Structure formats: structure tokens, C-alpha cells
Amino acid sequence: MAFGFIKKIFTFGKDTAAEPETEAPLAEPQVVETVPEPVIETPKTAIAEERDALLEEAEAANPEAPHHVPAEAEPDIYPLPHAPALPVAEDPVSPAEIETAGGPADDDVAPQAEAIEEQAAAPVEEVIEEEPAAPEDAAAEPIAEIVEEEPAAAQDEIAPVEEAPAEAEDPVLEEAARIEPKAETPVLPKGFATAERTPVEAVVAQQPKRTWFQRLREGLSRTSSQLTGQITSLFTKRKLDDATLQDLEDLLIQADLGVETALRITDTLASERYGKDVTGTDVSRIMASEITKVLSPVAKPLELDLNHKPHVILVVGVNGTGKTTTIGKLAAKLSGAGLKVMLAAGDTFRAAAIEQLKIWAERTGSDIVSSKLGADAAGLAYEAYEQAKLKQSDVLIVDTAGRLQNKTELMAELEKIVRVLGKLDPDAPHTVLQTLDATTGQNAMNQVEIFRNVAGVTGLIMTKLDGTARGGILVAIAAKHKLPVYFIGVGEGIDDLEPFEAKDFAQAIAGVEA
Ligand SMILES: Nc1nc2c(ncn2[C@@H]2O[C@H](COP(=O)(O)OP(=O)(O)OP(=O)(O)O)[C@@H](O)[C@H]2O)c(=O)[nH]1
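The structure presented is a predicted model; accordingly, all values stated were derived computationally and were not measured.

Peer 1: Any details on the site of the ligand? Residues and values, ideally.
Peer 2: Around the ligand there are 21 residues in total, and Lys323, Thr324, Thr325, Asp347 and Asp466 lie nearest to it. Starting from 650 Å² of accessible surface for the ligand in isolation, the protein chains cover 86%. Looking at the shell around the ligand element by element, the count peaks at 4 residues for helix α15 (residues 323-336).

The structure is reproduced here in C-alpha cells:
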């Protein structure tokens, strides 16, 4: 491992498979300088020829002078001004990349790099024979340091990945790994310089973090730009008449806003501008205003009755809609506010979901009750409630397995969880939250209808509004079900959960500047 690492330093971008089995030699320049000509069987490199010519010339000019290049000066032969930084040595860097990293290469850098490659490829026995005493060599010490330090640094980075459960690509786990301390940049040997690449952290730091509102806008930009584009072309050089109103209504319905809201918008537009010229901006403004009116009554805070101890929040929804992630975000908010939170890993179908919730519990300082894969989820909810009572938790949040609304067995199991909790406290679960994935269109309406019947959903959270969200369906759901919308998910991070604001959401959908 350590030797392989050294080898990488000296063989940038080389296909290591094509190299000899022996570990790479420490290609000190003086090694090549002192190798007698007959031993090197490869043809002379340009730099060697140039060097010999210079030596001959110097000898001719002053036959008394010593013509051996002193050892300590030798590293200057190949300063490699743009050598790759050691931390990224795993990433093969070709000489071409080295050049571009620091601008155009000097004419003599390329042959030097070539010479180094040749030296590195030379059979190890030859080099060892000719190599001067290594401990004396100034460059050798830092290399030894790096060799010792490198495995430890690598372990720091690898460890969280090894500990991660099966679904290592899970962003929650990735983020958990990301927050591990970074390995320190090793001290480079003399004669090397770090490549002038901006570290990734610096690049990230340079980019201003997008606010959640920007992410929401971007997420909904597919809906809004499609809508506004179509609306603009609809009203170009046309007065508002019945036909344009009908076309507009169709466009709004296609954007999932629902018939009721579409009619609200067209009616208001007709009352203001019938028979007159209409611009896209007029329509967007009316759209934002009418959508705000529909959403305002459902934009409510999540009320907790802390007399219950615990206030039980059951989280339900179709697979992958973001239940577990949302639970983590909620737990972070609540425990951050000083409440004692207990989580119940009721998604007993998916091992990764249990692990994922454990990580969230750890990150948020919450207690957690979990059981084996495949255990009875209602039994787990019961146990979790008992534990939460015992521990005097303020809030118990119960995760459940994702289920398609048409899977009757799973839906029956959900009913059972609700029944069991109701036996422990007639009012429990006090809140039944349903997560909806904003990338889903009309199907989200169907999901709400069924989960509402089975689990008595009392409020909604729409997740993934930072992606290529559709979002319009939330307006239709609000108009029809009038269920509170508490929060929106605008990312995978712990803080990416924002209270739902009707006006912000409406303006983002309508493409109106705030
Ligand atoms: N971009 C984005 N991704 C999210 C958001 N919320 C959740 N996700 C991601 O969506 C994926 C599914 O989230 P989970 O929390 O595992 O969903 P779940 O509903 O518990 O999934 P099941 O256990 O399969 O039912 C994960 O990759 C999350 O990181 C969000 O607001 N924005």
C-alpha cells in the first residue's frame, strides 16, 4: 500500500498495469545521473543528450573544473512545478493534466517529465545498485513521513463508508461520512509542489449557498417556465376572449393545479380584462394571487400538544416519498428547541431504513426504538410508546414502511398501527403526517385520498421541492382536501425543511418575482 502510494507519486497518469511487478523505484534524479551508460539499455532521452552535450562543452571550456552535478542541486532538474497534490494521487494525473493545471508547460518541463517516467520504469535492481545512501538524502525523509501517514489518512476517509449500511449511496449516510474530519494535507517532499488546484471545499465555499427559497424556485421552475412560456405565447397579440380563456384553463389543468383553481384564475382574469389586451405578466400576477388564496388556509404550523407526553406523530406515505428523511429533519428541529424526542423505526421492511433512522437519531440526539427486520410494526409502535412514556419524551415520531396505496395488506397493517396507538392513548396518534413527493403529479392526489381514509392523515409535508418538482398538485390537493401543509422539503440536508408559506409557493409556481 505504502509503496504503491509512492509509486503513484512518480508515475503520474501511467498505466500501472503495464509496469514491472516490482515496486516503483524512488526515482531520485541522481540515480539516473550516476547510472553508467552501458547499464541503461533504453535509448538516451533528449534531456540526457542535452545534459551530455552541456557537460562536454563545459569540459572543453575548463578541463580542470568538476563536471559532476552536485547531488543537492539535482532535484532542480525536474522541479515539477505543477505536480499533483498528494491527497488526490489516487486520481491518476496525466502529464497533460499537469500542464493544464498550471498553464502552458515550459518547453523543458515535458522532456523532464518524460525522463522521470523512464527513470521510474527502470528495473528496480539497477536503481538500487546505483542509488546513493538513502538516509543521507534530504528528499527521502519527507517521503518516509508520507508513507507512514498516508494509510492513517486514508482510513479516516474510508472508515465511515465501511460502517455505512448496504445502501451506501444513501445521501443521509453520505452526508454523515462527509462530516467526518478531513485528512490533513501531507508535507510534500522537497522538489515537489502541490498542483494549483482549488480544493473542492474552497470551490463550495466560494459559491454562495442557495437559499431554500431559491431552491424552491428552481425546483418549481419546470412548472413555472413551462406555464409562463405557454401563457405568453397564448396571449401574444390576442385579446382576452372565450377561446383564450378556455385555452388558459386547459394549460392550468395540465400543470396539475386542478379544475377548481384553474377556474378561479380564469374567472378573475375575465372579470379584470375581458375583451382587452392581456400580457403574460398579467396572467402570472393573477395566478400568483389566486393560488395564494387557495394555499393560505392550509399553510399552518404543526401544533404539538405537549400535555400528552408523548405527542405521537405517525409518518405515512408511499415508498421513497421522504418519510425517514423528514423524520430526521423534524427531530432536528424539535430537539434543537430543547424537546425530548423519541424515534420509532417502524419501517421494519427495509434494513437500510432502520439504519438510516438510527443515524438520524444519533445526529439529532434523539432516542430510538428499533427492532429486527420484518418485525411487527404495530408491536414496535406499542413498545416505542411505552418507552417514550417511561423516558418522558415530549414527542414520539413513528416511521412506517412505504407502501403503495393499492397494497391492501400493507394498508391493513397501517390501520393496525393506528389502532394500537389509540389503545395506549385514545387521542394517539395525535398527528398523522403524510409525505408527498413533489416530483409526482396527479398520483399524489390519489395517495392523499387513500392514506387519509386508512390512517386518518391530519397534515401534509411536500418533499423534494428542490428537484425538478411539479408542485402544482399541492394546490389541487389543498383546494380539495383542505389538509394543513406544515412543511416543505427543499433538500436532503438536516436543515432543508421549511415551514410552508402560501405566498412563496404561489409566486414560485407562477414565476412571479417576490
Ligand atoms: N432532493 C431532496 N431529496 C429528498 C428530500 N426528502 C427526501 N429526499 C430523498 O428521497 C429519498 C427517499 O427518502 P426516504 O426518507 O428514504 O423516503 P422514505 O419515504 O422513508 O422511503 P421508504 O422507506 O422506501 O418508504 C432519499 O434519497 C432522501 O434523501 C427533499 O426534500 N429533497
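Peer 1: Which residues make up helix α19 (residues 443-455), and what values do they have?
Peer 2: Between the first and last C-alpha of α19 there are 18 Å, a value that for 13 residues agrees with the 18 Å anticipated at 1.5 Å per step. Taken residue by residue, α19 has Ala444, Met445, Gln447, Val448, Phe451, Val454 and Ala455 as its buried positions. Turning to α19, the residues buried within the fold contact β1 (311-316), α18 (408-424), β5 (431-437), β6 (459-463) and α20 (472-481). Directly beyond the C-terminal end of α19, a positive phi value near 65° is found at Gly456.

Peer 1: Describe in detail helix α14 (residues 280-295), supporting the description with residues and values.
Peer 2: Between its first and last C-alpha, α14 extends 22 Å over 16 residues, near the 22 Å set by a 1.5 Å rise per residue. Those residues of α14 not exposed but buried are Gly280, Asp282, Val283, Ser284, Ile286, Met287, Ala288, Glu290, Ile291, Thr292, Val294 and Leu295. Elements that come into contact with the buried residues of α14 comprise α11 (221-235), α12 (242-254), α13 (259-273), α20 and α21 (502-510).

Peer 1: Go over the packing of α18 against α19, please, and point to the residues and values.
Peer 2: Contact geometry for α18 and α19: axes closest at 9 Å, N-to-C directions at 45°. Our classification of the angle between α18 and α19 gives oblique. Residues Met411, Leu414, Glu415 and Val418 of α18 lie in contact with α19, whose contacting residues are Ile450, Phe451, Val454 and Ala455. Its residues placed into classes, the contact of α18 with α19 shows 7 nonpolar, no polar and 1 charged.

Peer 1: Tell me about the pattern of salt bridges, and please be specific about residues and values.
Peer 2: Scanning the model with the defined rule gives 15 salt bridges in all. A salt bridge links Arg470 to Asp256; the nearest nitrogen and oxygen atoms lie 3.3 Å apart. In this pair, Arg470 sits in the loop between β6 and α20 while Asp256 sits in the loop between α12 and α13, placing the two residues 214 residues apart along the sequence. Residue class for Asp256 comes out buried when judged on its relative accessible area of 5%. Among the salt bridges present, the one from Lys358 reaches Glu355, with a minimum N-O distance of 3.7 Å. Of this pair, Lys358 and Glu355 both sit in helix α16 (residues 351-364), 3 residues apart, which is roughly one turn of the helix.

Peer 1: Account for unusual backbone geometry, with residues named and values stated.
Peer 2: With an omega dihedral of 5°, the bond running from Lys309 to Pro310 counts as a cis peptide bond. Among the secondary structure elements, Pro310 is positioned in the loop between α14 and β1. With an omega of -5°, the peptide bond running from Ala428 to Pro429 counts as cis. Even without a glycine there, the phi angle at Asp256 is positive, about 70°. Its identity is not glycine, yet Gln392 carries a phi of approximately 55°, on the positive side. Mapped onto the fold, Gln392 is located in the loop between α17 (377-390) and β4 (395-398). Residue classification places Gln392 among the exposed positions, given a relative accessible area of 54%.

Peer 1: Give a detailed account of the sheet that holds strand β8 (residues 497-499), specifying residues and quantitative values.
Peer 2: The 8 strands are arranged β3-β2-β4-β1-β5-β6-β7-β8 in an open sheet whose pairing can be described as mixed. Every other strand in the sheet has two partners, leaving β3 (367-369) and β8 as the edge strands with one partner each. Averaged over all pairs of adjacent strands, the angle between their axes in this sheet comes to 25°, without regard to strand direction. Where strand β2 (residues 341-344) lies against β4, 4 bridges are found, and the strand directions are parallel. Within the sheet, the bridge partner assigned to Ala344 lies in β4 and is Val398. Contacts from α15 reach β1, β2, β4, β5, β6, β7 (485-489) and β8 within the one sheet, and its direction differs from that of β4 by about 170°.

Peer 1: Outline the nonpolar core, supporting the account with residue identities and numerical values.
Peer 2: Counting 82 residues, the largest nonpolar core has Leu465 and Phe505 as the members making the most contacts within it. In this view, Phe505 contacts Leu216, Leu220, Leu295, Leu465, Gly471, Leu474, Val475 and Phe500; residues no more than four positions away in its chain are not counted. In terms of nonpolar packing, the next biggest core, distinct from the first, is built from 21 residues, Val315, Ile397, Ile461 and Leu497 among them.

Cut-offs used in this document
- Chains are numbered independently. Their residues run from 1 in the order of the written sequence.
- For a predicted model such as this one, the threshold for reporting local features is a pLDDT of at least 70, and the threshold for listing and counting side-chain atom pairs is 80 or more; totals across whole chains, interfaces and linings nevertheless cover every residue.
- To obtain the side-chain values, all non-hydrogen atoms of the structure were used and water was disregarded.
- When we say a residue is near a molecule or strand, we mean one of its heavy atoms is within 4 Å of it.
- Here the Shrake-Rupley method, with its probe set to 1.4 Å, supplies the accessible areas, and only the displayed protein chains count as covering residues.
- Labels follow the DSSP assignment, with helices taken as runs of H or I lasting at least four residues and strands as runs of E lasting at least two, numbered in each case from the N terminus.
- Given the number of residues in a helix, its expected span is that number minus one, multiplied by 1.5 Å.
- Only protein chains enter the accessibility calculation, which uses a 1.4 Å probe. A residue is then buried if its area is under 20% of the maximum for its type, exposed if over 50%, and partly exposed in between.
- Residue contacts are counted whenever heavy atoms from the two residues lie within 4.5 Å of one another.
- A fitted line through C-alpha atoms represents every axis, and for helices the fit uses only the stretch in contact; the resulting angles, taken between N-to-C directions, go from 0 to 180 degrees.
- Just so you know how the angles are binned, under 35 degrees is roughly parallel, over 145 roughly antiparallel, 65 to 115 roughly perpendicular, and the rest oblique.
- For this classification, Asp, Glu, Lys and Arg are treated as charged, while Ala, Val, Leu, Ile, Met, Phe, Trp, Tyr, Cys and Pro are nonpolar and the rest, including Gly, are polar.
- Any carboxyl oxygen of Asp or Glu within 4 Å of a side-chain nitrogen of Lys or Arg constitutes a salt bridge here.
- When DSSP finds two or more bridges between a pair of strands, those strands are recorded as paired.
- As used here, the term nonpolar core means buried Ala, Val, Leu, Ile, Met, Phe, Trp, Tyr and Cys residues forming a set that is joined through side-chain atoms within 4.5 Å.

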